[in-house]
Protein chains: 6
Amino acid sequence: MRKPDTGKDDTMRPSGRTPDALRAVEIETGFNRHAEGSCLIRMGATHVICTATVEERVPPFKRNSGQGWVTAEYGMLPRATNSRMRREAKSAQSGRTQEIQRLIGRSLRAGVDFHALGERQITIDCDVIQADGGTRCASITGGWVAMKLAVQKLMSAGLVKTDPLGDPVSAVSCGLYAGQPVLDLDYAEDSEAGVDGNFVVSGAKLIEVQMSAEGSTFSRGQMTQLMDLAEAGCAELAQAQLRATA
Amino acid sequence: MRKPDTGKDDTMRPSGRTPDALRAVEIETGFNRHAEGSCLIRMGATHVICTATVEERVPPFKRNSGQGWVTAEYGMLPRATNSRMRREAKSAQSGRTQEIQRLIGRSLRAGVDFHALGERQITIDCDVIQADGGTRCASITGGWVAMKLAVQKLMSAGLVKTDPLGDPVSAVSCGLYAGQPVLDLDYAEDSEAGVDGNFVVSGAKLIEVQMSAEGSTFSRGQMTQLMDLAEAGCAELAQAQLRATA
Amino acid sequence: MRKPDTGKDDTMRPSGRTPDALRAVEIETGFNRHAEGSCLIRMGATHVICTATVEERVPPFKRNSGQGWVTAEYGMLPRATNSRMRREAKSAQSGRTQEIQRLIGRSLRAGVDFHALGERQITIDCDVIQADGGTRCASITGGWVAMKLAVQKLMSAGLVKTDPLGDPVSAVSCGLYAGQPVLDLDYAEDSEAGVDGNFVVSGAKLIEVQMSAEGSTFSRGQMTQLMDLAEAGCAELAQAQLRATA
Amino acid sequence: MRKPDTGKDDTMRPSGRTPDALRAVEIETGFNRHAEGSCLIRMGATHVICTATVEERVPPFKRNSGQGWVTAEYGMLPRATNSRMRREAKSAQSGRTQEIQRLIGRSLRAGVDFHALGERQITIDCDVIQADGGTRCASITGGWVAMKLAVQKLMSAGLVKTDPLGDPVSAVSCGLYAGQPVLDLDYAEDSEAGVDGNFVVSGAKLIEVQMSAEGSTFSRGQMTQLMDLAEAGCAELAQAQLRATA
Amino acid sequence: MRKPDTGKDDTMRPSGRTPDALRAVEIETGFNRHAEGSCLIRMGATHVICTATVEERVPPFKRNSGQGWVTAEYGMLPRATNSRMRREAKSAQSGRTQEIQRLIGRSLRAGVDFHALGERQITIDCDVIQADGGTRCASITGGWVAMKLAVQKLMSAGLVKTDPLGDPVSAVSCGLYAGQPVLDLDYAEDSEAGVDGNFVVSGAKLIEVQMSAEGSTFSRGQMTQLMDLAEAGCAELAQAQLRATA
Amino acid sequence: MRKPDTGKDDTMRPSGRTPDALRAVEIETGFNRHAEGSCLIRMGATHVICTATVEERVPPFKRNSGQGWVTAEYGMLPRATNSRMRREAKSAQSGRTQEIQRLIGRSLRAGVDFHALGERQITIDCDVIQADGGTRCASITGGWVAMKLAVQKLMSAGLVKTDPLGDPVSAVSCGLYAGQPVLDLDYAEDSEAGVDGNFVVSGAKLIEVQMSAEGSTFSRGQMTQLMDLAEAGCAELAQAQLRATA
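Residues numbered from 1 in each chain as written. Chains lettered and ligands numbered in written order. Predicted model: local features only at pLDDT ≥ 70, side-chain atom pairs only at ≥ 80, totals over all residues. Heavy atoms only, no water.

As annotated in an unreviewed UniProt entry, chain A carries the name Ribonuclease PH and is attributed to Limimaricola hongkongensis DSM 17492. Regarding chain A, the relevant UniProt record gives this comment under Subunit (unreviewed entry): "Homohexameric ring arranged as a trimer of dimers." In UniProt, chain A has this text filed under Sequence similarities (unreviewed entry): "Belongs to the RNase PH family." (UniProt positions renumbered as here; feature names shortened; annotations may be inferred.)

Quick look at the structure:
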């Protein structure tokens, strides 16, 4: 991995990182004694607890199909952010929260063979205990680790025969900061970027591409540069995910 | 515009359209007597009423800024779809609804000069009265028309001096149907596509790119083909928007 | 039908109508491709989309009774009115909305033979896309048309043998405007009337009589005049309903 | 007052009352030590606590008008009825509850001179502690008594100079029971009646007429008979209200 | 029972009671004709309607256990208090309300043999119609009476063979008022006391001890004095409960 | 501190602890970079993140009083427990959650001089990331540490002159397990105990005593034994709190 915080003099990023540098990634597995799989993922100062819960039931639309399901929920502790936020419930989540957890669930499902998993559900809870930008991407990356650990437990117990997971599912943000494409925005960058997005990658394939402008626009050329950054960043993250679950 | 529903024998699309053909677009302006701007947009069998409401107040974060704001809400009549859906309220919208209206608002805002608009808010309501796929894109395309008409009214009244709107903001869906990139998916295609997304374009610039896989993945090559289709489709839509507001 | 908007010089109604004149009634059937029956009813500038949804299930209290059920929901698009209103959901409807849809359901049920309908439910959705007074009455009148069309479809399919519907169920408002009894109040009249009400009629029979004073009172003699107006107005509406479903 | 429960042999009412007989009416004033006016009204086995709360503030639409306002809320204790009901809150009242309290408020307001009352609000809470039919009518009749007592207190304190209340506002139900018009339905009758309604009367004037058929219809002749019964019943109630507030 | 309101000159309590004096207790049984057991309990100016509802069903965690269950709900009429409060629903109860009804249910359950009761549920509704301090204690004391009456009815009907209830469950408040331990605080005392609590007693045994300081603290010696007062007070209440259910 | 997990052969506690032994206590301060004070407290396998947020505003009832306020919120991550729980929001917290956070707030406030704090609010968020019994007590003990750190920061900044905090506020649970009084119940004990409670202590003074029986009772003698255990346990906790904030 390229070193973060290199102190290279000519960079314009607040953290001193080069445009193509990820923040330091640490994945501490087995963080929760109750969950079937769990980790605490740290992407710089963004810290997320990811737990995987295995239940021997599936949603109505999957019953008697022989296939499993994966779903995700996302939350933030009230003081995960610089100023305190209100708590929100499953029944009254903000649009932002729902959009994020739909993305996490969709991304993780793309990497699962539901026949191999069998008729059971894995729920991934991603709870941000400290936020510094990129929480949804850290949730996907860490969520895959928690899911992988839970699947390993199911396989050790003989409940699942064939590994339903393939290449790690990794996610990273990109954006135009001060007009320049940069990888893995922290909060200081994210709050200034007029264009930013999230990329979810598994091996050589794309799962999700989201690029949004708020009060701005971007060109196809910039889109291409951002995708190049994201693919390289996700490849690094995949290495960290494989090490954590080896 | 290329003819929709051509009956070309070798196409594989359920509607008989070629991969790069939009559905028939009709924009009926002045559909609502109360709204400052309004239209009924029909993209094939997808019909959306778009109204623009102008209010001489802005949200708290814009007060005393001299700048305006644009926001959007999206809804569906219960029987807009093939089977009846429950009504939902602003205070209890589903994640899907909130995600859609956040997209509509963000897209329309990207094309507005808020200083030129002045300290007032335009609310775009997009209500789907009949759905056949692509309702969020039709809402953006029609919503821009309603907004443009409301702005013309403000300019005629001398309340706004410089047109705050530039090129039309147009949106279209794309996806992989039966493995092939196609433009402007209808419901029959959308419900089968493992990969689909939405593109929002204004002139030569991109505002939003969203490409999602559900239980599938896609390559960078396919991504490029889909963006080519989308740019051509949005250019056609922009012509229809300009005609409707001429 | 008596001509609306006659321009008669001695009338005191804002629209120029005589006290006993309905607004122009237009009923456009087949407005929605998904619904089993549908129409767009226009009473002057009041426009309501009515759809009938047939479902092969009934509420718990009707199960295994061999009888059907009819229920109604009522909504308004946010900009149906002169100033924009908040969206409301089934779970959080205002008292006014609930009162209206209870009236619509009760009125339409009075005209149905539930044994002849068989154990199925028809849900009538009445969505006001433009309001100018009298929306609940237009909903009942248009709702009956949508229900009739759905029943005709069930009969054509052989699912229902005997027509469960009799005379059309028609509704009209009446009130004291400038002290004088008038028929079919539009918004300009309704907002000034201290006494107004709604009458639901089927053939020679009454289904519902509601006469309310807000900050005012009325005499039995006035009550009699209002009922005379309403019976004549509903007879006209019944003709329009029969033509639309012939 | 005609005697209730006469035991006359030829009556068909479950209670043995003649068709034109009210139930025994008892009004116990001063039931609550905190409220500015209060009573416990008993109409047979229907018991309602009515309290009037005076507040020196008015709703926004009345501010700086020099005029007052009257509003009402209605509730039932969970075991007021034969089988236990769920508790409901102001923010989640059923349609029935909202319809009832809108009726109570509207009826009581019709008998108030808001200029004479001055810029203050009276809230009437009607809480049914035991129900046997006719709870909304008992609430109006008892609510007027609570309001009258509160107004007397305001006048004694010199805060109101001219009595803002005129004739008592009284309410009674009527309906067709076993095909015959009867006055003041109890639960046994109400649950069987296909046609019933509520009449609100003040002196020689009508305030509200509501006649509804559920799965039935009625003629104009029957309507006239029901109004005759109601006017006589309300005259009796007005005597009881005057005695209670003398 | 010691006389309340003795007018003894050297007491410092607002009511003139001695530190160890209860308020006058009156229990009027059979207050509600629908409930299986009911009473109106008055502890001075605190008045609570308690009803017991018997249902031949139990919550899921008790099904097929042969055992019954007891649960409680607590409410206040809006004008039970000196200034009017908002109504609250089961689905949106304040923390205070939920805490109170959890206490009532837990306390009453402690005195019940669920095997003897058999697989049925008793719901105790405690509705405060006038409040002057100590409403939760009055609810427990009166709730036990309503429960006892309902059980007697079940035993008379032969549905329950062995009495599932033992000694009465009685509750009383205590606190430090003007630095001195006093029994059965009324509102004037309660609003001034920095330390107060509730004691639930059955025979010689304790069921619940709750002592809280708000902005204050207390010593173990004071705790002992308060428990002495509470035990004596509950013994008096038990006598009143036994008389009411004899 | 007495050693936990001593393996003493004659103990009957599942953990092997003696009846008067606390679990191992660890307090890691500075766990959150955004909060004004924070810690992660571990009582055995019960882990709680406590953060203190300082805001320069107070609730309405404290405005312009020159006094501050302390409030608390409590939450659990969905997988803090052995089986996954639903997320809950501030607006829809369960009775248990509200009861807990009212206890935490009340307990912490008892140890604060609000004049010395000045007109500002400290909000203590206690979020359980892993639960094994005694979460509310750990929240109080850890919450005091977070509050103390935040106050030290205010004093260093010169915003507060006199330390508004005195002796640490410590809390511990006690209960009857297998008939014997034990200190600091873990989940295995708590789920079996018919009688248990929480004690909040500050120096030689009591702040809160809560002892509840569920389907059981207890004697005054047992109450005394439990209070002895609790006082000794809280004294040990206070030492840990002082070390963490030294």
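**Some words on the packing of aromatic side chains**
The full count for this structure, using the stated rule, is 12 aromatic pairs over all chains. Both rings, one in Trp69 of chain B and one in Phe114 of chain B, keep their centres 5.6 Å apart while their planes meet at 35 degrees; by these two values the pair is tilted. Taken together, the residues Trp69 of chain B in strand β4 (residues 69-76) and Phe114 of chain B in helix α2 (residues 114-117) connect sequence positions 45 residues apart. Each member of the pair, Trp69 of chain B as well as Phe114 of chain B, is classed as buried. Cluster of aromatic residues (ring-pair linked, three or more members): Phe61, Trp69 and Phe114 of chain A. (Phe/Tyr/Trp six-rings, centres within 6.5 Å; stacked < 30°, edge-to-face > 60°. Helix = DSSP H or I, 4+ residues; strand = E, 2+ residues; numbered from the N terminus. Buried < 20%, exposed > 50% of the residue type's maximum accessible area, 1.4 Å probe, protein only.)

**Some points on the side chain of Thr46 of chain C**
All names here are of chain C. Residue placement: Thr46 occurs in strand β3 (residues 46-55). Here the side chain of Thr46 touches Asp132 through a polar contact of 2.8 Å, landing on its backbone nitrogen. Residues in contact with Thr46, not counting those within four places in the same chain, are Arg23, Ile41, Gln130, Ala131, Asp132, Gly133, Gly134, Thr135 and Ala138. (Polar contact = N/O pair within 3.5 Å; in protein donor to acceptor, adjacent residues only side chain to side chain. Contact = heavy atoms within 4.5 Å.)

**Overview of helix α1 (residues 95-109) of chain A**
Between its terminal C-alpha atoms α1 of chain A stretches 21 Å, which fits the 21 Å expected from 15 residues at 1.5 Å a residue. By the criterion of burial, α1 of chain A is predominantly enclosed, with 13 of the 15 residues buried. (Expected span 1.5 Å × (residues − 1).)

**Digging into the interface of chain B and chain A**
Every contact between the two is made by 32 residues of chain B and, on the other side, 32 residues of chain A. Summing both partners gives a buried area of about 2,900 Å² for chain B against chain A, and 45% of it is carried by carbon and sulfur. When residues of chain B are sorted by the area they lose upon contact with chain A, Glu99, Leu206 and Arg220 of chain B head the list and together hold 22% of the total. Put simply, chain B and chain A have 8 salt bridges between them. Close ionic contact of Glu231 of chain A with Arg220 of chain B constitutes a salt bridge, the shortest N to O distance being 3.1 Å. Applying the counting criterion to the chain B and chain A interface returns 16 residue pairs in polar contact (both at pLDDT 80 or more). Contributions of two or more residues to the side of chain B that touches chain A are made by α1 (95-109), β9 (205-213) and α5 (220-244) of chain B. At 9 residues, β9 of chain B tops the list of elements feeding residues into the side of chain B that touches chain A. For the side of chain B that touches chain A, the per-class residue count stands at 10 nonpolar, 11 polar and 11 charged. Of the strand pairs in this sheet, strand β9 (residues 205-213) of chain A and β9 of chain B are connected by 5 bridges, and their pairing is antiparallel. When the bridges of β9 of chain B are listed, Glu208 of chain A appears paired with Ser212 of chain B. (Buried area = accessible area lost by both parts, 1.4 Å probe. Salt bridge = Lys/Arg side-chain N within 4 Å of Asp/Glu carboxyl O. Nonpolar A, V, L, I, M, F, W, Y, C, P; charged D, E, K, R; others polar. Pairing = 2+ DSSP bridges.)

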